[in-house]
Amino acid sequence: MNTLIKRSQTLALVLAALTACDGSEPATASQPRIEGEAASPARLSPTQAENPAPSAPSQRALEIVDLAGLDAAHAALQQSRPEFAAKLAALEPTTTRNPEFLRFNDASLHDPDAAIVFAARLRETPADQRALRLALAEALPRTGAQIDELIGVLYELEGEAEIRAQLVAGLARSEGAKRDALLARALTDASPEVRFSATIAASRRPAPSPILRDALLLAISDGDASVRLRATRSAGALGLAEALPLLESRLEDADADLRLHSLRAIRRIDLDRARALAATRPSDEDPRVNRELAQLSQAN
Amino acid sequence: MLRTRVPQGGAGAHLLWVSRVCAASLLALGLTGCQQDPSEASSDDDTSEASGSEAEASSESGEAEAGTDTGGEAGSSEDTGESGEDSDSGTTGTSPDWSFGDHYGLPNIDDDDGNGNIDWFDAPNASDDDPRDMVIGAAKFDGFAADDRVRLRLAGATSQVRLWHGGSPVLGDEGNPAPLTEYIFTPSGGDETFTIEFAAFLDEATLTLEHIDGSDQVIDSDTLRLLASPLILNHHLQTAEHVYMTSMGNSNADMVDGYASALGAAFTAVPGNLVMYDQWMQDEPEFATATAPGGRRLDTVIDSIRNRGLDAFPEYYFGDEPSWFIGTWGTGPKSTLDSFGNLEISPPVTVGGVEYPFGRIYYGGGMDQGMVAFLESQKIQDPIEIDTSWLCVQHVDEFMTTVADPTSAKGFKVLFADTVSGYALLDAMNGSQSLPRFGADYNYPSVQSMQTDGGLRMHNDDVQIDVLNPLKAQLMAELGLVEEDFIYIPTIFEELNFGSCSGKSVALIPGTVNLIVGNLESGSPTLFVPDPFMRGSGEGVSSDAFANDFVARMPDGWDVTFLDNWDTYHVALGEVHCGTNVIRTPAANWWEVGLHLLE
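Residues numbered from 1 in each chain as written. Chains lettered and ligands numbered in written order. Predicted model: local features only at pLDDT ≥ 70, side-chain atom pairs only at ≥ 80, totals over all residues. Heavy atoms only, no water.

A. Examining the overall build of chain A more closely. Helix and strand counts for chain A come out as 15 helices and six strands. Restricting to contacts in chain A with at least 6 residues of sequence separation, those with at least 24 account for 62%. Approximately 13,600 Å² of chain A is accessible, and the part contributed by carbon and sulfur atoms is 53%. (Helix = DSSP H or I, 4+ residues; strand = E, 2+ residues; numbered from the N terminus. Contact = heavy atoms within 4.5 Å. Areas by Shrake-Rupley, 256 points an atom, 1.4 Å probe, with all protein chains shown as cover.)

Below, the structure written as C-alpha cells:
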C-alpha cells in the first residue's frame, strides 16, 4: 500500500491514505508523532535489554532429528499437502541485485513446512548446482520453522563447506534449544569458512549458553585470522566478560585489526575497564586504534 | 532501429566512405560496439586502438595539436543565436573586424533520418538537426581585393570534425585516410555558410581563418575553437521529465500504482516480459545529455555492460527515436559495480575554488575501467571514486543521495545513512511492537528482538565508525561540503552471512535513503521512498516511527510517498531507487558555465 505524506511549508503533516488498508487517523499535529503514543515512548532499560522478557515463540518446531525423520516428514507432506509440496519443489530462486546472490522470494516460502521441502531438495540436488544449493540453505530460516534440529541433520551429512557455512548461518536467529550446541560444534569445523559463519551467527542472540561461550572463547585464538577477528568482535557483542584477559593480551598483537577490535570488544564488555586501559596505553602505530584510544580517554 | 554497430562493408562509394570512417569515429567515441577492422583507422587518428579510453585520447590529441591560441571570442553572438546559426561577430566599417567566436556543437551520432546509420556517416540532410552553421557574413569581406581569398586551416582532432561548404565536405574527415586540413575559397559576394559537425563527445579542433592576398600572404588571421559537447550526466536538482520502472505483475503492483497515481503520463511501467523480468531499472541504463546553442539536445542512454534483462530496454524505447544515442563503454569482465546504481552525480558544487556547475560524478571503486576512463574523459563532472566494498551489492545509492533544498546555502542537502540515529530511533520504540514483515524474512518478529541482537548492533556501530564516518569526511573534502549540508537518515544495516557477501552489509530496514527524487515541472515535488514497515499488520505508515522521522527530517516543500518495495526489491537486496530510472532536463549551458573545466 502507498500512503502519501504531504509536507507543507509549516511542517504540518497531512496524511492521505490511498488504500483501505490504512485504518489509522491522519496526524494533524505540527510535529510528527506516532499515533496513539506519547511523544517519548517508553524504552527498554539496559537490564531489560540483557534479559528480555520471554515472548511467545515465533518459530514452529519441526522435530526432525535424523535423515529418516526428514524423509518421513517429506513424504507425509507430499501426501497431506501435495500442491504445496509440488510448488516448493519446483520453485526457482531469483537473482538479486548482486548477480552472485540467488534468493528464493515467494509468499509460499513463509510456511514452516517449506523448510521440509527445501531440506529434501538440498539433499537431492547435486553438489555441482552450487548456487541453487546455497539458495536452498539460505531460505531455511525464512520459513518460520524452528530449524536447529533440521540444520543439525543436514550439517552432519553435508560435504561441501560452503553449504555447511550457509546452514550454520541459518542458526543465527533460531529459537531452538540445540542452536547453541550446534554453533559450538560449527566453531570447531575443519573449514575456516564454516567457523567464520558460526562466529557471526553466534553473536545474533543474547545470553549464549556456557557451551557456546566456551567455544567462542576458543575461537578468539583460532588459527585462521578471519575467524579470530570475528570471534573477537562477537565476544564483545555478547558481553563475554571471561574473554577480557585474552582480549587485553591482544592489544599487543602484531595485527592492527585485532588490536582495534579487541579494544572495542573490551569497551563493549566493560567500558570502565576500557577507559582505564586507554588512560595508560601509549599511542598505537595504527590511526584507527589511536582514534579509539582517544575517544575512550576523552570520556574519562 | 539505431545500433551502435555499423553495417559491414557494402557496395558503393557512400558505404565505402561509411565503413572507413566507422573505425575512427566509433573508436573515438570509445564505444565497444564497432565491428570494423581497427586497422582501417586513419593514420592521422590517434584512436587506432580499440579501447574505451580512446575518446579521452582523441580529445587530448585535439588539444595537443592545436598549439595555437584558440582564443576566439567565447560567448560571442554566434553562440547564443536562437536560430541555431552562427552570425559573424560584427564589422567595423571599412576595416572589418577579422575575429570569430568559438563554435560549439553536438556530436552527430544519432540517426535523425532513421536510415539505420549514425548521422555522422550521412551527408547533411533536412532531418539532421545536429550540425550547426557557422556563417561568415558578407561584411567580413568588405575591403577584399579582387584576388583576395580566405584560407581555412584545421588542426587538432581533424578526423573528428567535418566542415561542409556548398554541399561538399571541405575540411576534416571526408572519407579518405587523411583528413583535409586546408581549404581556400574566394568569397562569392554574399554570406559564406559552413556547416560543422562532430564525430564524438568533446571532440575538439582549432580552425584558423586567414584573409590572404593573391600571393598567399596573410593579411589577417584569427583562430577559433571548435568543440563538441561533453556527455553530461544528471543530478537530482534537474527537473524530472519521465520515470521508468519494470512491472513485475502482482509482486510490485503497489509500487507501480504509487508512481502512476503521482506521476500520471510522466510514468511508464515497462512490461516485465519485455525485459526478462529484470526489475533493476536503475542499473542497466544511465540517462545523460549533450547540448549545444540554439536549444540543441542529444539525449543519450549509457547502456551498461551489465547486460541483464533490461539490456533490451534502451533499444526498445529509444532506438527509433531521433535525437537519441545509445552507447556502451567498457569491455568487462562485468561485476555488480558496473550497475548504474553505483553511478551517481552530486548537485553543483565548488571544491577548492573550482566550480562544478554540473556537479561531480561519484561511483563505487571497481567499475569497469573503460567506463571510468570515458567518464573521466568528459572532464566536466570530474569523477570521485568511493569505497563501497563493505556492501554486498556495492552501490553508492545504498547509503546516500541528494535532494533540493532552496533554503540551504548550497541549494541541496545530502541524505546520508546514519546508524547512530538508526539505533536511537529503534531504541526509542516500544519493544513489544510487532514487526510481521521482519519476522517473516529476518526472524525479528518484534522491535525487542531487533533491539537485543548484540551482533547486529555491533555491526552497525562498526559500520558507522569504520565506513560511514570516513566516507562522509571524503565527501566533505571532494564535494566541498560542510556539516550543515548533511541530513542524517536513520539506517540499520544487516550483516550478511552468505558466500562472498559474508560480513558485508545491506539495508535491514528498507533503506529510506535509497529513494527517487520526483521533481517534475508541474505538480508537487515528491520523494518516492521505500516503506520501512517498522509497524504491525494493518497499521498504516502514519504510525511508523521511521517513516514519520524521515518526513520530519526532509526540507520543506517535499511531498513524501512511501512505496511498498518489500518483496520485489528489498528482499532482493535493493530498494525504490534501484528499481527506477528518470530522464531529466539539462539545467545549464556548458559553454557558458563549464568551459573552465574543459581547457
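B. Focus on unusual backbone geometry. Residues and elements named next belong to chain B. P333 follows G332 through a cis peptide bond whose omega is 5 degrees. Along the chain, P333 turns up in the loop between β15 (324-327) and β16 (343-345). Located in the positive-phi region is S323, a residue other than glycine, with phi close to 65 degrees. Position of S323 relative to the elements: it lies in the loop between α4 (313-318) and β15. You will see that F533, though not glycine, has its phi angle at about 55 degrees, which is positive. Following the sequence through the fold, F533 ends up in the loop between β27 (526-530) and α10 (545-553).

C. Molecular detail of the packing of helix α6 (residues 148-157) of chain A against helix α8 (residues 179-186) of chain A. All names here are of chain A. Running from N to C, α6 and α8 point in directions that differ by 25 degrees, and their axes come no closer than 9 Å. As far as their axial angle goes, α8 and α6 are roughly parallel. The two elements α6 and α8 cross, and the hand of that crossing is left-handed. The residues of α8 that touch α6, namely those facing D148, G152, Y155 and E156, are R179, L182, R185 and A186. (Axes fitted to C-alpha atoms, helices over the stretch in contact; angles between N-to-C directions. Parallel < 35°, antiparallel > 145°, perpendicular 65-115°, else oblique. Left-handed = near helix turned anticlockwise from the far one by under 90°.)

D. Spatial organisation of the sheet that holds strand β6 (residues 182-185) of chain B. All names here are of chain B. The sheet built from five strands is open, its strands ordered β1-β9-β8-β3-β6 with mixed pairing. Edge positions in the open sheet fall to β1 (103-105) and β6, since each of these has one partner strand only. Pairwise comparison of adjacent strand axes, ignoring direction, gives a mean angle of 20 degrees for this sheet. Note: strand β3 (residues 149-156) against strand β8 (residues 204-212), eight bridges, orientation antiparallel. Residue pairing in the sheet places G156 in a bridge with A205 of β8. (Pairing = 2+ DSSP bridges.)

E. The arrangement of the nonpolar core in detail. Counting 77 residues, the largest nonpolar core has F104(A), F118(A), L140(A), L150(A), L154(A), L167(A) and L183(A) as the members making the most contacts within it. With seven residues, the top contributor of residues to this core is helix α4 (residues 112-124) of chain A. For L150(A), the residues in contact, after removing those within four places along its chain, are L62(A), I64(A), L70(A), A115(A), A119(A) and L140(A). Ranked by size, the runner-up nonpolar core spans 35 residues in total, among them I384(B), I386(B), F399(B) and L595(B). (Core = buried A, V, L, I, M, F, W, Y, C linked by side-chain atoms within 4.5 Å. Buried < 20%, exposed > 50% of the residue type's maximum accessible area, 1.4 Å probe, protein only.)

F. Main features of empty space enclosed by the protein. Tallied over the full model, the rule gives eleven cavities of 30 Å³ or more. Lining the largest cavity are 27 residues, with P141(A), A169(A), G170(A), A172(A) and E494(B) sitting closest to its centre. Elements that contribute at least two residues to the lining of the largest cavity include exactly β6 (145-146) and α7 (161-169) of chain A together with α7 (436-442) and β24 (493-495) of chain B. Each pocket or cavity is described by its volume, and for the second largest cavity that value is around 150 Å³. Lining the second largest cavity, in full, are N234(B), H236(B), Q282(B), E286(B), F287(B), E344(B), I345(B), I516(B), H577(B), N581(B), V582(B) and R584(B). When residues of the lining of the second largest cavity are traced back to their parent elements, those giving at least two are β13 (285-292), β16 and β29 (580-584) of chain B. Here the element with the most residues in the lining of the second largest cavity is β29(B); it accounts for three residues. Residue composition of the lining of the second largest cavity, by class: four nonpolar, five polar and three charged. (1 Å grid on protein atoms, 1.4 Å probe; cavity = no way out; pocket = protein on both sides within 12 Å on 5 of 7 lines; lining within 4 Å. Points joined across faces, edges and corners; volume = space filled by probe spheres on them. Nonpolar A, V, L, I, M, F, W, Y, C, P; charged D, E, K, R; others polar.)

G. Quick peek at the state of the cysteines. All names here are of chain B. Counted under the stated rule, the structure contains one disulfide over all chains. The disulfide bridge from C392 ends at C501, spanning 2.0 Å between sulfur atoms. Between C392 and C501 the sulfur-sulfur dihedral comes to about 70 degrees; the bridge is accordingly right-handed. Of this pair, C392 sits in the loop between β20 (384-386) and β21 (400-404) while C501 sits in the loop between β24 and β25 (505-507), and the two are 109 residues apart along the sequence. (Disulfide = S-S within 2.5 Å.)

H. Structural view of the pattern of salt bridges. Residues and elements named next belong to chain B. By the definition in use, this model includes 54 salt bridges over all chains. The salt bridge partner of R297 is E241, with a shortest N-O separation of 2.9 Å. Here R297, found in strand β14 (residues 296-303), pairs with E241, found in strand β11 (residues 240-247); they are 56 residues apart in sequence, far enough to count as distant. For R297, a relative accessible area of 22% corresponds to the partly exposed category. The salt bridge partner of D485 is K410, with a shortest N-O separation of 2.7 Å. (Salt bridge = Lys/Arg side-chain N within 4 Å of Asp/Glu carboxyl O.)

I. Representation of the sheet that holds β14(B) within the structure. Residue and element names in this part refer to chain B. On the basis of which strands lie adjacent, the open sheet formed by four strands has the order β10-β13-β14-β15 and mixed pairing. Strands with a single pairing partner mark the edges of an open sheet, and in this sheet they are β10 (232-233) and β15. Pairing analysis gives four bridges linking β14 to β15, with the strands arranged parallel. When the bridges of β15 are listed, D299 appears paired with W324.

J. Just the interface of chain B and chain A, in detail. Counting from both sides, the interface comprises 77 residues of chain B and, opposite them, 64 residues of chain A. Of the roughly 5,900 Å² buried at the junction of chain B and chain A (both faces included), carbon and sulfur atoms supply 47%. The largest contributions to the chain B side of the interface with chain A come from N443(B), N497(B) and F498(B), which together make up 13% of the buried area. Between R268(A) and D461(B) there is a salt bridge, with the nearest N and O atoms lying 2.7 Å from each other. Taken together, the links from chain B to chain A amount to 28 residue pairs in polar contact (both at pLDDT 80 or more). A per-element tally of the side of chain B that touches chain A places helix α9 (residues 454-479) of chain B first, with nine residues. Its residues assigned to classes, the side of chain B that touches chain A comprises 29 nonpolar, 30 polar and 18 charged. (Buried area = accessible area lost by both parts, 1.4 Å probe. Polar contact = N/O pair within 3.5 Å; in protein donor to acceptor, adjacent residues only side chain to side chain.)

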